[in-house]
Amino acid sequence: MAGARAAATASSAGSSASSGNPPPQEPGLGELLEEFSRTQYRAKECSGTGGSKVERIEKRCLELFGRDYCFSVIPNMNGDICGHYPRHIVFLEYESSEKEKDTFESTVQVSKLQDLIHRSKMARCRGRFVCPVILFKGKHICRSATLAGWGELYGRSGYNYFFSGGADDAWADVEDVTEEDCAVRSGDTHLFDKVRGYDIKLLRYLSVRYICDLMVENKKVKFGMNVTSSEKVDKAQRYADFTLLSIPYPGCEFFKEYKDRDYMAEGLIFNWKQDYVDAPLSIPDFLTHSLNIDWSQYQSWDLVQQTQNYLKLLLSLVNSDDDSGLLVHCISGWDRTPLFISLLRLSLWADGLIHASLKPAEILYLTVAYDWFLFGHMLVDRLSKGEEIFFFCFNFLKHITSEEFSALKTQRRKSLPARDAGFTLEDICMLRRKDRGSTTSLGSDFSLVMESSPGAAGSFTYEAVELVPAGAPTQAAWLAALSDRETRLQEVRSAFLAAYSSTVGLRAVAPSPSGAIGGLLEQFARGVGLRGISSNAL
């Protein structure tokens, strides 16, 4: 196996922007967003000027992963494994600190992992196999596309033509279909047993137990033909040993409505009555008890509440006591999937539980570059159609700053003695009021809130707070961590909006009657010193 190993000593993590100063920018973030908005990443087309930019992006990602993890690289230089996956697929083995190495050391042999990947890639749409992307408490959080159907397995070229509206991709090329692939196709009776059998072996090798399916369909249908399937409707019930969660979430097309409503997600509810929507929400009861969410009302949730509740569910899965990993997928795995993978990465980072040495600008660069760009999100196409799910992801960070999204809350409950009311709710409220800044001033760390909502920045939910005796070290540390979480997520969001406004945003967003988003970005740009003239001059 041709792999590369990397490790680095973690550096200090303090990173708080001074009030009134521009948010710190990661060198190269502007170039990354420019390249991202110019072309879709394809592993086999990284040559010329664009290729050198991609190489710098890839190198920076490896450097940032190496700050906190020992990892191996699975080579995909010419898209040999998948045309829309990174050329250097990072497999995180363990955190580079000796303490974490002793606690959570990988039992996965990278050579065997690579073999399983090659054998299983045909099982999933566009060859987008199950790929581990986050390591948390020794568990692998993975991403992929959904299961491939007959239409794809028996004619990838024709499938990709219909499925992507005439656009080709790596699977349409003859050289991507190996002799083994052809042999698998020839056995009609055992086709799915074989390809899905390898997929299941890969999932088990990565200790994945939970499979979260974001599709609103049971099967994707194009022109009357089933072009993809999913684990939940596998007729042979090959995936019965896994815990399957059907959590239907609107596709990228829905985010045009988000843009058309001046980027206001509050009150925006998906139409669940559409003909193609046939996948109901389905979550095993034992996973829902601790979340205090009425899942039967999911069709009445707006986009904010739906995203919040799904993220809470995913966080509860990865923060459970068992050693089981998680797979998140939608159809192709490059719109809804990176949305939740990115939110998971940023939320866990904000708690100081992963990527501990990275500053806000650095984790922003990593998740934009690796989770979105290098895994093939089609930003150019989405922007041209107004389907701004990418922008939604980072603007949404203001809705997950409170303690109810913190993985530290669960860990703290497990280690605390019986409750004591020595520290009052009023004391906590006063502490929060003093620590947080203005929610409207651009000179504040908690600025850029243009609309009021229960989950907006600066808000804080107390209903689940565990009270401990006043002055207890655990109490102080926990409150400090929550305050730091809010600050860090706001800094990431601010850095994103600054970079987006100066590269992608103000050129991609068409003026709206109210001018809400243009005003937000323009006001922000002026406030942080990025713009001294009207955006019309761009």
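The protein chain carries the name Myotubularin related protein 14 in an unreviewed UniProt entry, which gives Callithrix jacchus as its organism.

Undergrad: Could you give an account of helix α10 (residues 303-318), with specific residues and numbers?
TA: If you check α10, its first and last C-alpha atoms are 23 Å apart, about what 16 residues at 1.5 Å a residue would give, namely 22 Å. Summarising burial for α10: 14 of the 16 residues are buried, a large majority. Its side-chain oxygen 3.2 Å from the backbone nitrogen of Val304, Asp302 forms the N-cap of α10.

Undergrad: Help me get a handle on the nonpolar core, residues and values and all.
TA: Tyr310, Leu326, Tyr370, Phe390 and Phe394 are the most contacted members of the largest nonpolar core, which has 129 residues in total. In contact with Phe394, not counting residues within four places along its chain, are Ser342, Leu346, Leu364, Thr367, Val368, Trp372, Arg493 and Phe496.

Undergrad: I'd love a proper account of the packing of helix α1 (residues 29-38) against helix α12 (residues 360-373), names of residues and values included.
TA: For the pair α1 and α12, the least separation of the axes is 10 Å and the interaxial angle reads 20 degrees. Overall, the two elements α1 and α12 adopt an arrangement that is roughly parallel. Seen from above, α1 lies across α12 with left-handed handedness. Of the residues in α12, those in contact with Leu29, Leu32, Leu33, Glu35 and Phe36 of α1 are Leu364, Tyr365, Val368, Ala369, Trp372 and Phe373.

Undergrad: Can you lay out the pattern of salt bridges for me, pointing to particular residues and giving the numbers?
TA: In total, this model carries 24 salt bridges according to the counting rule given. Two residues, Lys139 and Asp322, come together in a salt bridge whose shortest N-O distance is 3.9 Å. Of this pair, Lys139 sits in strand β5 (residues 139-144) while Asp322 is found in the loop between α10 and β10 (325-329), placing the two residues 183 residues apart along the sequence. For Lys139, a relative accessible area of 4% gives the class buried.

Undergrad: Can you explain the environment of Cys131? Please cite residues and give values.
TA: With respect to the helices, strands and loops of the structure, Cys131 is situated in strand β4 (residues 131-136). In the structure, Cys131 is positioned 71 residues away from Leu202 in sequence and 9.3 Å away in space, judged by C-alpha atoms. Sequence-distant contacts of Cys131, defined by excluding residues within four places in its chain, comprise Tyr85, Ile89, Ile141, Cys142, Arg143 and Phe375.

Undergrad: Account for the packing of aromatic side chains, with residues named and values stated.
TA: The tally for this structure, following the rule as stated, stands at 32 aromatic pairs. Relative to Phe390, the ring of Trp372 lies with its centre 5.2 Å away and its plane at 75 degrees, an arrangement referred to as edge-to-face. Placement of the pair is Trp372 in helix α12 and Phe390 in helix α14 (residues 389-395), with a sequence separation of 18 residues. Here Trp372 matches Phe390 in class, with each residue buried. On the numbers, 5.1 Å between centres and 35 degrees between planes, the contact of Phe496 with Tyr500 is tilted. You can see Phe496 and its partner Tyr500 sitting in helix α17 (residues 473-508), four residues apart, about one turn around the helix. In this pair, the class of Phe496 matches that of Tyr500, namely buried.

Procedures and definitions
By convention here, each chain's residues receive numbers from 1 onward along its written sequence. Owing to the predicted nature of the model, reporting of local features is limited to residues with pLDDT of at least 70; listing and counting of side-chain atom pairs is limited to 80 or more, with chain, interface and lining totals taken over all residues. No hydrogens and no water enter the side-chain calculation; it runs on all heavy atoms of the structure. A run of H or I in DSSP becomes a helix once it reaches four residues, and a run of E becomes a strand once it reaches two; helices and strands are each numbered from the N terminus. Every helix has an expected span of 1.5 Å times one less than the residues it contains. Each residue's exposure class comes from its accessible area (1.4 Å probe, protein chains only) as a fraction of the maximum for that residue type: buried when under 20%, exposed when over 50%, partly exposed otherwise. Contacts described as polar in this section are N or O atom pairs within 3.5 Å, which, within protein, must combine one atom able to donate a hydrogen with one able to accept it, while residues neighboring in sequence count only if both atoms come from side chains. Definition used in this section: a nonpolar core is a set of buried Ala, Val, Leu, Ile, Met, Phe, Trp, Tyr and Cys residues joined via side-chain atoms within 4.5 Å. By definition, residues are in contact when any of their heavy atoms lie within 4.5 Å. In this analysis, axes come from line fits to C-alpha atoms, helices being fitted only over the stretch in contact, and the angle between any two N-to-C directions falls in the range 0 to 180 degrees. Oblique is the label for every angle not falling under 35 degrees (roughly parallel), over 145 degrees (roughly antiparallel), or within 65 to 115 degrees (roughly perpendicular). Take the far helix as the reference: if the near one is turned anticlockwise from it by less than a right angle, the crossing is left-handed, and if turned clockwise, right-handed. Basic side-chain nitrogens of Lys or Arg form a salt bridge, by our definition, when they fall within 4 Å of a carboxyl oxygen of Asp or Glu. In this analysis, rings of Phe, Tyr and Trp, with Trp reduced to its six-membered ring, are considered paired at centre separations within 6.5 Å, and the interplanar angle assigns stacked below 30 degrees, edge-to-face beyond 60, and tilted for intermediate values.

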